[in-house]
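# Structure assessment
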Amino acid sequence: MAVVVNRYMTISLRSLFKSTSLQRLRNEVEGLLARMANELSEHKNRIVFLINNYDLIASVLKESAGKTVEAELEHVNALLSVQIGAFVDEELIPYFGNLVNFVKHAEQVKNVAGIDADRFEKISYEFNTTWRQNITSINASVIQLFSNFKNGTTVLHAVLGQLIVYYTRFCVLLEQRFQGGGKANGGSSRKQEAGIASWKQPPVGVQTVMVEIKKFRSNF
């Protein structure tokens, strides 16, 4: 995604951020970036645009010194953090949307034992068969969208870290649903009684996913 803050603007930013009109400049820059981002048709591309530009502005500020600049840097980093958080969900949904939506829904249910065991198996099986390839695809996507190595690494770690969080939450729900040696709570069919033992594939362990994710820490 193109970065609008070019070399000319970078030089201007260095001098202007040292002036007494920092608040006015901040508002102008944020307004400009917001308007330009809104010109993009896809929501994800707007987020990427803002991340790339806030990251560059933060890099410019880091080259300066002074308490005033430090305050502005903190503000820009906060904006950057918000956009990275927004990007995380945008990036996860196409690959792990069923897992994310299931976890969010199941956590709102008062009695997890009342959720159909087949729904758990479906989510688990889908994750088992696609998670490695999906992680590889996410890595490739982030590399393409964020040219700055450090920034891209931060974004990638945020996405994969949140994936771990969602899958851990799924495993907690799984444990609650199939308490007592893997048997389902409730249900009369043989499959229900067998619980997880009857599944085509056992659930992937969280530790296994974490080990795989660690391989991408140095690949970006």
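The structure displayed is predicted, hence computed values, not measured ones. (Residues numbered from 1 in each chain as written. Predicted model: local features only at pLDDT ≥ 70, side-chain atom pairs only at ≥ 80, totals over all residues. Heavy atoms only, no water.)

Among the nonpolar cores identified, the biggest contains 57 residues, and Phe87, Leu99, Phe120, Phe127 and Phe170 are the most heavily contacted of them. The set of elements that each furnish at least two residues to this core consists of α2 (22-38), α3 (43-62), α4 (67-106), α5 (117-145), α6 (149-177) and α8 (206-214). Setting aside chain neighbours within four positions, we find Leu99 in contact with Ile123, Phe127, Leu163, Tyr166, Tyr167 and Phe170. (Core = buried A, V, L, I, M, F, W, Y, C linked by side-chain atoms within 4.5 Å. Buried < 20%, exposed > 50% of the residue type's maximum accessible area, 1.4 Å probe, protein only. Helix = DSSP H or I, 4+ residues; strand = E, 2+ residues; numbered from the N terminus. Contact = heavy atoms within 4.5 Å.)

As a packed pair, α6 and α8 sit with axes 10 Å apart at the nearest point and diverge in direction by 170°. Here α6 is positioned roughly antiparallel relative to α8, judged by the angle of their axes. Between α6 and α8, the contacting residues are Leu160, Leu163, Ile164, Tyr167, Thr168 and Cys171 on the first element and Val206, Val209, Met210 and Ile213 on the second. Residue classes in the contact of α6 with α8 are distributed as nine nonpolar, one polar and no charged. (Axes fitted to C-alpha atoms, helices over the stretch in contact; angles between N-to-C directions. Parallel < 35°, antiparallel > 145°, perpendicular 65-115°, else oblique. Nonpolar A, V, L, I, M, F, W, Y, C, P; charged D, E, K, R; others polar.)

The residues that UniProt annotates with the feature "coiled-coil region" (unreviewed entry) are residues 22-53. For residues 22-53, the helix share is 88%, the strand share is 0%, and the end-to-end C-alpha distance is 18 Å. (UniProt positions renumbered as here; feature names shortened; annotations may be inferred.)

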